[in-house]
Every structure is written in C-alpha cells, then in structure tokens.
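Take a look at the letters that make up each chain.
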Amino acid sequence: MSGRISGWVLGILSVGVLAFGVLHFSDLESFGQMLRQAQPLWLLAAVGLQVITYMSVSLGWKLVLDKAGSPLGLTRLIPVAISKLFADAIIPAAGMGGNVVLVDRLVKLGGPRGAAVAALLITMIGYYAAFAIFALLMLLMLWLHGKATPLLVGIVTAFLLVALAIPSLALWLRRRGSHPLSPFLEHIPIVHSLLHVVGEAPAKLLADRSLLAGVAACNATIFLVDAATLQVCLFALGHPTGYSTAFIALMGASILAALAPIPMGLGSFEAGSTAMLSLLGIPVPAALAGTLLLRGFTLWLPLLPGLMLMRGSFRQNFR
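Remember, predicted model here, so these are calculated numbers, not experimental data. Going along each chain's sequence as written, the residues are numbered from 1 onward. Confidence filtering applies because this is a predicted model: local features only for residues at pLDDT of at least 70, side-chain atom pairs given and counted only at 80 or more, and all residues used for totals across whole chains, interfaces and linings. Excluding hydrogens and water, the side-chain figures rest on all heavy atoms present in the structure.

**As for the overall build of the protein**
In step 1: Regarding its fold elements, the protein presents 15 helices and 0 strands.
In step 2: Three exposure classes are used, based on accessible area relative to the maximum for each residue type with a 1.4 Å probe and protein chains only: buried under 20%, partly exposed in between, and exposed over 50%. Here the protein holds 319 residues, and the buried ones make up 50% of them.
In step 3: By definition in these notes, contact holds between two residues if any of their heavy atoms fall within 4.5 Å. Once local pairs closer than 6 in sequence are excluded, the contacts in the protein between residues at least 24 apart make up 73%.
In step 4: With the model as given, the accessible surface of the protein reaches about 14700 Å², and the carbon-plus-sulfur share is 71%. For the purposes of this entry, the term helix denotes a DSSP run of H or I that reaches at least four residues, the term strand denotes a run of E that reaches at least two, and both are numbered from the N terminus. Using a 1.4 Å probe, accessible areas were evaluated by the Shrake-Rupley method; residue-level cover was limited to the displayed protein chains.

Right, here's the structure in full:
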C-alpha cells in the first residue's frame, strides 16, 4: 500500500514538473538558445557561482543546527537546498511549500523538529534583513546614478514594509503559540501555514543576535553571488557590464518578484531585471538575454536534480 502511495506522489510531482515546463516552454526555449550562443568558460563560471549560493543557504541552516546541538554537514544539507528550490517552484503553497520540505528533510536527517523550525524562522529573518539592507543600498546607488525616480522609491518602500511584516508575523505567531486566531486570519494561507510550524522553535535560538547576524550574512552572500552570476551571464553573451549595474538589476528584479503574487516571480523577475539593465544603459535585447540565462541557472537547471532528490526522499519515506 505504501508503495502505491509513493507512486502516486511521485507521479503528481512528475506531472507538476511537466506542467511547469509546458507553461513556461518559451522561457526554456530561450534559455536553450542563450546556451548555444554563450561562451563556455563564462557558463562554467556561472555554474560555480551558483554552487556557492547552495553552500551559503546550507551554511545558514548549519549555523542554527550547530547552535541547537544537532550539527549536520554541508554535504548533507546542500541536497536539501536543491529540494527546497524544487518545492518552491512546483508546490508553491502560498510560498510555504519549500519551507514545509525544509523542516521535513531536516527532521529526517536527524535534527530535532524544534531546531528545524528554528532554522526555517531564523533563515526567513536573515533573508529579509539582508534583502532590506540591499534594497536600500540599491536605492542609494540609483540615486548616485541619477536614476532614483519617485516610482522606484515607492516600490522599494512598499517592499520594505513587506520585508518587515513577514518576519514580524512569524515571530508574533511564535509568541502566540497554539492560541487560536480569528477566523479571518486563519483563512489567510500564509498565516495558516506558519501557525502550524512556528510555535515549535526554541525561543533561545530566536533571541541569539550573533546567530541571526551569521545567518543574515549567509543570505547576503546569496544576493551578492546571484548579482555576480548575472554579470557573468552578460559577459558570456558578449555584453560586459560592471558589477554595480548587475547588482542594481538583480535587486530591482528581486524586489518586483517579491511584491508580485506569482510563484518564484516568474515573468515579474525577468521584466524587472530587463527594465533595470535597460535603465542603466544595457540594450534591451542583451538585457533580456542575460536575464533569461541567469534564470536558467538559478531556476531551470536545478529542477531535474530537485525532482530526483524528492523522488529519493519519498521512496525512503514509504519503504
């Protein structure tokens, strides 16, 4: 019976990947064209940079687990990072699909559930802290370039409110524990999802400022490396640009994707990155090509290993 259930789950995941690919076939086709046109050495550099991002997010989890007295090696955590990206793309669940996978996988690797939930919450706080700081830095850089329009200031301000609200919501739910919420709040998907996990995180870990700073630094590294990946992608296509331009474009696209109610920011990220690069003097065709190549490395290429890792996890669970 368990084998039959496992088969059904794996079948649903496979169909999800197929549907995801079909719905975004034009993006995949464009990515293939970009790969054929790009210079191979720069492509290898982009792959190396993306490996660093998985190491960084895994290191953030490791810091929390080490502090909780349940250490896990990076080699065991990096596959979890790939699985989480897969779940975020295929099982969005109001932005919580990957977080549920994270807690489940950390527990199955031997970590206490409280420590796994703490890893989720502290990573969320560190991510938005780094994101907010870099959003302000991006705005300052745009101002220095004379490009800080009222519209961009408004978008960044709106994002900063979101960046403050989401971790604050998680911590508020953590303090409430299992107390019931109003029916209205219970029916908000992200609130409902968070309520069922956040109460288990040890308060001592959440109050550790040095731990929060370390995890925030790991998440900051991801943004910096993703910006370097965009710069490398433009180099690969024969359109060299400065790191500051790539950083501004990456952050602007990430902000727009965070504000758009679309899983993984599909479409909104590409539009934001292309618009920001164009604003800073990169021709639109080159800006779009570089952005699509970046998305190929950050989103499309990890999907297959993510599916394989999820398949292996389900097979182990149902044996």
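There is more to say, and it comes next.
**Side note on the packing of aromatic side chains**
In step 1: Aromatic rings from Phe, Tyr and Trp, taking only the six-membered ring of Trp, are treated as a pair when their centres fall within 6.5 Å; an angle between ring planes under 30 degrees marks them as stacked, one over 60 as edge-to-face, and anything in between as tilted. Within this structure, the stated rule accounts for 9 aromatic pairs.
In step 2: Where W42 meets F235, the ring centres are 4.9 Å apart and the plane angle is 70°; that geometry is what we call edge-to-face. Remark: F235 occurs in helix α11 (residues 209-236) and W42 occurs in helix α3 (residues 40-67); sequence separation between them is 193 residues.
In step 3: Judged by centre distance (4.9 Å) and plane angle (45°), the ring pair of F131 and F223 falls under tilted. With F131 in helix α6 (residues 113-144) and F223 in helix α11, this pair connects stretches of sequence that are 92 residues apart. Judged on exposure class, the residue F131 and its partner F223 are both buried.

**A look at the nonpolar core**
In step 1: The criterion is simple. A nonpolar core is a set of buried Ala, Val, Leu, Ile, Met, Phe, Trp, Tyr and Cys residues joined through side-chain atoms within 4.5 Å. One finds W61, V64, L106, I122, M138 and M251 to be the most contacted residues of the largest nonpolar core, which totals 78 residues.
In step 2: In terms of residue count, α6 provides more of this core than any other element does, 19 residues in total.
In step 3: Dropping the residues within four chain positions of it, W61 is found in contact with L77, V80, A81, K84, L102, A119 and T123.

**Topic: the packing of α11 against helix α14 (residues 284-300)**
In step 1: To obtain each axis, a line is fitted to C-alpha atoms, and for helices this fit is confined to the stretch in contact; angles are then taken between N-to-C directions over 0 to 180 degrees. Here α11 crosses α14 at 125°, and the two axes come no closer than 8 Å. With respect to α14, the element α11 is oriented oblique. Handedness of the α11/α14 crossing: right-handed. Within the contact between the two elements, α11 uses D226, T229, L230, C233, L234 and A236 and α14 uses A286, G290, T291, L293, L294, F297 and T298. Note on angle classes: values under 35 degrees are labelled roughly parallel, values over 145 roughly antiparallel, values of 65 to 115 roughly perpendicular, and the remainder oblique. Note on convention: the crossing is left-handed when the near helix lies turned anticlockwise from the far helix by less than a right angle, right-handed when the turn is clockwise.

**What to know about α3**
In step 1: Look at α3: 41 Å from first C-alpha to last across 28 residues, which is about the 40 Å you get at 1.5 Å a residue.
In step 2: Backbone geometry just downstream of α3 places G69 in the positive-phi region, at approximately 80°. A helix's residues, less one, multiplied by 1.5 Å, set its expected span.

**Looking at the confidence of the model for the protein**
In step 1: The predictor rates its confidence in each residue with pLDDT, a number between 0 and 100. Looking at the protein, pLDDT values average 77 and 69% of them are 70 or higher.
In step 2: Within the protein, no element has a lower average pLDDT than helix α1 (residues 2-23), which sits at 41, and none a higher one than α11, at 95.
In step 3: Segment residues 1-25 is flagged for pLDDT under 50; beyond a separation of four residues in sequence, or across chains, it makes 30 contacts in the model.

**Brief notes about the side chain of T245**
In step 1: One can find T245 in helix α12 (residues 243-259).
In step 2: Residue classification places T245 among the buried residues on the basis of a relative accessible area of 11%.
In step 3: Those residues within four positions of T245 in sequence are excluded, and the remaining contacts are L277, L280 and I282.

**Focus: α14**
In step 1: Along its 17 residues, α14 runs 22 Å from first to last C-alpha, staying within 8% of the 24 Å computed at 1.5 Å per residue.
In step 2: Most of α14 sits out of view: 14 of its 17 residues are buried.

**Notes on the packing of α3 against α11**
In step 1: Between α3 and α11, the shortest axis-to-axis distance is 9 Å and the interhelical angle comes to 170°. Taken together, α3 and α11 sit at an angle that is classed as roughly antiparallel.
In step 2: Gly is put with the polar residues, along with every residue not named as nonpolar or charged; the nonpolar set is Ala, Val, Leu, Ile, Met, Phe, Trp, Tyr, Cys and Pro, and the charged set is Asp, Glu, Lys and Arg. Tallied by class, the residues present in the contact of α3 with α11 amount to 19 nonpolar, 8 polar and 2 charged.

**Things to note about the environment of I78**
In step 1: Following the sequence through the fold, I78 ends up in helix α4 (residues 74-90).
In step 2: Apart from residues lying up to four places away in sequence, I78 is in contact with Y54, M55 and S58.

**Remarks on a nonpolar patch on the surface**
In step 1: Patch construction takes residues with relative accessible area above 30% that form no salt bridge. Like charges are linked within 9 Å, and nonpolar side chains (Val, Leu, Ile, Met, Phe, Trp, Tyr) are linked within 5 Å. One side-chain nitrogen of Lys or Arg within 4 Å of one carboxyl oxygen of Asp or Glu is enough to make a salt bridge. Together, L137, L140, W143 and L144 give the surface a local cluster of nonpolar side chains, amounting to about 450 Å² of exposed area.
In step 2: Structurally, the position occupied by W143 is in helix α6.
In step 3: Overall, W143 belongs to the exposed group, its relative accessible area being 58%.

**Side note on the environment of T149**
In step 1: Mapped onto the fold, T149 is located in the loop between α6 and α7 (150-176).
In step 2: The exposure class of T149 is partly exposed, given its relative accessible area of 35%.
In step 3: With 10 residues separating them in the primary sequence, T149 and L139 have C-alpha atoms 9.5 Å apart.

**A few points about the pattern of salt bridges**
Pairing between side chains of opposite charge can happen when the charged atoms of each approach one another.
In step 1: According to the stated counting rule, one finds 4 salt bridges in the structure shown.
In step 2: In this structure, D104 and K108 form a salt bridge, with 2.7 Å as the shortest nitrogen-oxygen distance. A residue pair is termed a helical-turn pair when its members lie 3 or 4 positions apart in one helix, as D104 and K108 do in helix α5 (residues 97-108) at 4 residues.
In step 3: As a salt-bridge pair, E270 and R295 come within 3.1 Å of each other at their nearest N and O atoms. Linking E270 in helix α13 (residues 268-279) with R295 in helix α14, this pair joins segments that are 25 residues apart in sequence.

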